[in-house]
2 protein chains.
Amino acid sequence: MPEYKLTYFNVKGFGEPIRFILSYMGKEFQDNRVSFEEWPQLKGKAPFGKLPILEIDGKVLHQSLAILKYLASQAGLSGKNAEEDVEIDMIVGAYGDLAAEVGRFMRTENPSEKEKLKETLIKETIPFYMSKFEAVLKKNGGYMANGKLSWADLLVVGHSSSLPGLVGHDLTENYPFWKELTEKVYSLPGIKEWVKKRPESVF
Amino acid sequence: MPEYKLTYFNVKGFGEPIRFILSYMGKEFQDNRVSFEEWPQLKGKAPFGKLPILEIDGKVLHQSLAILKYLASQAGLSGKNAEEDVEIDMIVGAYGDLAAEVGRFMRTENPSEKEKLKETLIKETIPFYMSKFEAVLKKNGGYMANGKLSWADLLVVGHSSSLPGLVGHDLTENYPFWKELTEKVYSLPGIKEWVKKRPESVF
């Protein structure tokens, strides 16, 4: 069995969907969490200076979406053809746009600007995307694409679980289809056990 | 033959790689260019309020990377298996991080902040990524992944052709492998003809 070592920060973010999919696949993995203090010393070793990276028997993969997609092809969580894959990829891309806005907020240091961005996120950006996603979920029988579980579901549930800690906003409170999807993903074999045992993190 | 209608702005950016791949595939397409003045009225019609969108016989695809990947599977520009696809996806993701920094610069309105971001882009971000990409190209026989042409090559050459107009910085000047890749992509059947006839745009 290959050895998996995931390196990320001690947060959920873009690492959590990878932890989800490895758990779903029943793979043991080394959950290597780098502190923000250690990171500047280690940054130079990451292929493009970013985390997460996943080592599989020493081979280094980077870019969370590339990693997820690769694992999804082994986990049976990809589309069955190009038509299904594009449905997944569109949702992943749209969610990525929302995540980029969250990332922009995170990176902003100026306190008044940060507060302004947080307000825009909570009052405009998140409601805009969530109304779209609720419609997508409704149309797809409670999944993000193709009426069945895919890596897009693991991505959005895993990554968005950082939002309560980051912006004090829990998406499952106001969006019933999202809540249902979250509960569904959290009950999946492997993920259920992972969520119980995962380390605490602020976001 | 399906009817293709690409809607984007009158710029290269994330629309150009799609124009490249459709041209490479020998597909006629309606090259619908929306002005920045018209856009606010049309924004509500795009699935997630963003361009590009590609309509194929009326079916609306959104998210440039999803569209490219979908077309690539028909054009023979995907990987031949998951191992090759992940190599492409890693490069696409890394280039996307660079493109996001360019996008951040574009969206910044405050003149002094914009100037600062431009300087960081030109002096730090672009050289950092380009030194990595040059090494990747060298390792892959002049291509971005797997030692052969893929949609990653069309993406990076198409999108980065906006940089001279955007930040006054032509990547082909300082990076010999990038220059060679650009020339190779611009000489591909279909793309060669497209580049000759494409409309002028500021970036």
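A short tour of the structure in this document, coming up. What you see is a predicted model; the values in this text were computed from it and never measured.

Some points on the relation of the copies chain A and chain B
Note: a rotation about an axis with an accompanying shift along it relates these two copies of the chain. Between chain A and chain B, which share one sequence, the superposing operator has a rotation angle of 180 degrees and an axial displacement of 0.0 Å; the RMSD is 0.0 Å. Taken together, the rotation and translation relating the two chain copies correspond to the operation of a two-fold axis. Both copies share a contact surface, since 100% of the interface residues of chain A are interface residues in chain B too.

Section: the interface of chain A and chain B
Interface size is commonly expressed as the accessible area that is lost once the parts come together. Listed by partner, the interface residues are 33 residues for chain A and 33 residues for chain B. Summing both sides of the interface, chain A and chain B together bury roughly 2600 Å²; the carbon and sulfur share of this comes to 59%. Scanning the region where chain A abuts chain B turns up six salt bridges. A salt bridge links Asp97(B) to Lys50(A), with the nearest nitrogen and oxygen atoms 4.0 Å apart. For the side of chain A that touches chain B, the secondary structure elements donating two or more residues are β4 (59–62), α3 (64–75), α4 (82–107) and α5 (111–139) of chain A.

Regarding the pattern of salt bridges
All names here are of chain A. Under the defined criterion, the tally for this structure stands at 28 salt bridges over all chains. Across the salt bridge formed by lysine 179 and glutamate 183, the nearest N and O atoms sit 3.3 Å from each other. Here glutamate 183 and lysine 179 lie together in helix α9 (residues 176–186), a separation of four residues that amounts to about one turn. With a relative accessible area of 39%, lysine 179 lands in the partly exposed category. For glutamate 183, a relative accessible area of 44% puts it in the partly exposed group.

Thresholds, definitions, all that
- Residues numbered from 1 in each chain as written.
- Chains lettered and ligands numbered in written order.
- Predicted model: local features only at pLDDT ≥ 70, side-chain atom pairs only at ≥ 80, totals over all residues.
- Heavy atoms only, no water.
- Least-squares fit on C-alpha atoms with pLDDT ≥ 70 in both.
- Contact = heavy atoms within 4.5 Å.
- Buried area = accessible area lost by both parts, 1.4 Å probe.
- Salt bridge = Lys/Arg side-chain N within 4 Å of Asp/Glu carboxyl O.
- Helix = DSSP H or I, 4+ residues; strand = E, 2+ residues; numbered from the N terminus.
- Buried < 20%, exposed > 50% of the residue type's maximum accessible area, 1.4 Å probe, protein only.

This is a description of form; function is not addressed.
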